[in-house]
Amino acid sequence: MDSSYLLTSFRDSLLTVTRSVTLLDVAAAIATLWALRSALRAARRTSKTTKLRGPPRTDLIFGTSKQVFESLDAGAIHEAWAREYGVVYEVPTTLGGKKIMLTDPRALAHYYARESWTYVQTEWTRFFLQRSFGRGILWSHGEDHKRQRKSLTPAFTQAAIRNLTPIFYNSAHKAKLAWEAMIDASGGNTTVIEVQNWMNRISLDTIGLAGFSHDFGALDGKPVSVAEVFDAFGSSNESAANVGFLLLTQVFPPFSYVPTSTSKLFREMQRTMEDVSTELLARAKKEKEEGVLDGKEDKSIIGVLVKANESDSSIHLTHEEVLAQMKALLVAGYETTSISMTWALLELARNSDIQNKLRQELLAFGEGPMHDHQQNSLPYLDAVVHETLRVHPPVTNVVRVATEDDVIPLSEPIVTQSGEVVNNISVARGTRIGISVICINRSTKIWGEDAKVFRPERWLEEGGIPKKAQDIQAYRHLLTFADGPRACLGKGFAVAEFKMRFLRCSDFIDDYQVVSPKAVMSVLVKNFVFEMRDGPNTQVGRGRGLLPRPKIAGEEGNYVPLRVRRYEG
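Residues numbered from 1 in each chain as written. Predicted model: local features only at pLDDT ≥ 70, side-chain atom pairs only at ≥ 80, totals over all residues. Heavy atoms only, no water.

(A) Structural detail: the overall build of the protein. Along the protein, the regular secondary structure elements total 23 helices and 12 strands. With the model as given, the accessible surface of the protein reaches about 24,300 Å², and the carbon-plus-sulfur share is 55%. (Helix = DSSP H or I, 4+ residues; strand = E, 2+ residues; numbered from the N terminus. Areas by Shrake-Rupley, 256 points an atom, 1.4 Å probe, with all protein chains shown as cover.)

(B) Inspection of the pairing of strand β10 (residues 540-544) at higher detail. Examined bridge by bridge, β10 and strand β11 (residues 548-552) share five bridges and lie antiparallel to one another. Counted as the bridge partner of G541 is K551 from β11. Between β10 and the antiparallel strand that follows it, β11, lie three residues. (Pairing = 2+ DSSP bridges.)

(C) Molecular detail of unusual backbone geometry. Despite not being glycine, R476 shows a phi value in the positive range, around 50°. Tracing the chain through its elements places R476 in the loop between α21 (467-470) and α22 (491-505). In this structure, H477 takes a positive phi of about 65° despite not being glycine. Taking relative accessible area as the criterion, H477 reaches 25% and is therefore assigned partly exposed. (Buried < 20%, exposed > 50% of the residue type's maximum accessible area, 1.4 Å probe, protein only.)

(D) Inspection of the side chain of Q148 at higher detail. In this structure, Q148 sits in helix α7 (residues 142-152). Note on Q148: relative accessible area 0%, which makes it buried. In this view, Q148 contacts R135, G136, I137, S140, L317, E321 and Q325; residues no more than four positions away in its chain are not counted. (Contact = heavy atoms within 4.5 Å.)

(E) Representation of the sheet that holds strand β2 (residues 98-102) in the model. Sheet architecture is open: five strands sit in the order β1-β2-β8-β5-β3, paired in mixed fashion. On the outer flanks of this sheet lie β1 (88-92) and β3 (119-121), each paired with one strand and no other. The mean angle between the axes of side-by-side strands here comes to 40°, regardless of whether they run parallel or antiparallel. Sheet topology places strand β5 (residues 397-402) next to strand β8 (residues 432-436); five bridges connect them, and they run antiparallel. By the bridge assignment for β8, N397 is matched with S436. Against the sheet, helix α4 (residues 74-85) engages β1, β2 and β8, with an angle of about 120° to β1. Relative to the sheet, helix α5 (residues 105-113) contacts β2, β3, β5 and β8, its axis offset from that of β8 by approximately 120°. (Axes fitted to C-alpha atoms, helices over the stretch in contact; angles between N-to-C directions.)

(F) View of the pattern of salt bridges. Overall, the coordinates contain 29 salt bridges when judged by the stated rule. Residue E90 pairs with K98 through a salt bridge whose shortest N-O separation is 3.9 Å. For E90, a relative accessible area of 15% translates into the label buried. Put simply, E115 and R400 hold a salt bridge, and the shortest N to O gap is 2.8 Å. (Salt bridge = Lys/Arg side-chain N within 4 Å of Asp/Glu carboxyl O.)

(G) Representation of α4 within the structure. Counted at 1.5 Å a residue, the expected span for α4 with its 12 residues is 16 Å, and the 17 Å between its end C-alpha atoms agrees. Three or more residues of α4 are buried, namely G75, I77, H78, E79, W81, A82 and Y85. Close packing links the buried residues of α4 with α3 (65-70), β1, β2, β8, α19 (437-442) and α20 (444-447). At the C-terminal side of α4, G86 shows a positive phi close to 115°. (Expected span 1.5 Å × (residues − 1).)

(H) Quick peek at the pairing of strand β6 (residues 406-415). Direction of pairing for β6 relative to strand β7 (residues 421-427): antiparallel, over a ladder of six bridges. Each residue of the ladder has a partner; that of D406, found in β7, is V427. In this structure, the hairpin formed by β6 and β7 is closed by a connection of five residues, where G419 is found at a positive phi of approximately 95°.

(I) Quick peek at the sheet that holds strand β9 (residues 528-532). Strand order in the open sheet formed by three strands is β4-β12-β9, with antiparallel pairing between adjacent strands. Taken across any chain shown, the strands that pair with only one partner, and hence form the sheet edges, are β4 (190-194) and β9. If you compare each strand with its neighbour and ignore which way they point, the axes differ by 35° on average. Two strands pair when backbone bridges link them, and β4 and strand β12 (residues 561-566) are joined in this way by five bridges, in the antiparallel orientation. Residue pairing for β12: E194 is matched across the bridge by P561. Contacting β4 and β12, helix α10 (residues 195-212) runs over the sheet at an angle of about 65° to β4. The strands touched by helix α15 (residues 319-350) are β9 and β12; relative to β9, the strand with the most contacts, the crossing angle is about 80°.

(J) How the structure looks around the environment of V68. One can find V68 in helix α3. Exposure remark for V68: the relative accessible area of 18% places this residue in the buried category. As for V68 and H78, which are separated by 10 residues in sequence, their C-alpha atoms are 8.5 Å apart. Here V68 is in contact with A74, I77, H78 and W81, once residues within four sequence places are set aside.

(K) A look at the environment of G333. Within the secondary structure layout, G333 lies in helix α15. Given the relative accessible area of 1%, G333 is considered buried. Separated by 126 residues in sequence, G333 and I207 place their C-alpha atoms 5.8 Å apart.

As structure tokens, this is what we get:
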């Protein structure tokens, strides 16, 4: 038998086997290899990591991940586990994985001081961020993250925020005029307004003008492609299959390429943000070349980005990095801001005494308190804003992975699986660390027995912030803006916009979490009175968008209809 015959037979056999292999077989083989790789890594971590107590695996495939993901109050679940198992505990996750949860102030301070070097984003998170936004500040780590953050800092100084005050007011004033017209059209002194949609519009127009010197025109009724694709996430069908697939994707990122309704929405979002950002950047560069600014320095965020792109210094940003920052800012400015402002209006509608007290403080400052006033002279406004950020953080949880072995200190001892009492825990490289922001912000152990209650007075009373809460070394003792090297770069922008809007109408993911309800409150509360459409006992739930959003429980869609009437003194 000659060699050519043997080669031909082998080739034919190989082709036969290849044709019989389906895509599912390939996926199963890849998943098996991935699981084997993960198991080998897990064996190393298990031998070097402190064995902690924690809840049992309630689902063979998803551990406790699906239970937490689908819960209307994931923070309460984590708080109950912390009470039972200690201030740090271990939870089972998807496909046999594990995650250590931190709720101890000293452990949190240790973690945040080392974030971006010892504790970094998971493989899935970086995969998702690069695919969605590019290699910008959200994706970067270590020295690369430090360089990108330094290049953006000039756009978020107090002086830069002060210059944006007119923009915050203008967007809120447009909403005020539109709401007055809606009330007039109703034939009475009151009407029902779906406020979440309006907060979306305010947020988009404000980030467009303040960030990119561009008016999207959402408040004028213009259709905006980026808003339409963001809103589509809230109206998509979150089936059990989609939730399960999302959780599997977090373990095996290539699964995100499988066409599902959610993955299609993400691809549409990526295309839309790329188109919008490319167009805005090209326009900004053209205006600079043509001398539209008349020699003046553009201090908007896009102006700072263009300057960093053209710089040869240590803060130079590549073209790809500039586009990545713009896309991230669009999402942060739209999602986190509108969510926080909607929650603020909801809480005022549910608590008429708080609403009245805030209105009286705002009215005492006349038509429009400036940036310095709302920073220093409106204590109750400040309290309402920070209570909203405490009770309703837009980003509710964080997961990181250790890049090296570490020892995390604790402020109080815990009992391990073996019954040993320890004051610190060992963490092996590759261990996942989780933080439930909403749990810590609302923890009765940290914030006192009334931690779940919306009570702005706690920020004004002597001793109103418990000692345990003061041990949280973050902005105003809240994890809403994160802490450490990845603390929210836009928190000043965020809080200022939040305050300024409430002043005019009452009557804004780490790094780029632009939550900003002050400006909205500054404009709306002085001019309108807010009530729940169906009475003060209306149940409020959480719906899904890119981030969890408020909604009326039992109703379809992420809608928040409030009864709005003019304030007439």
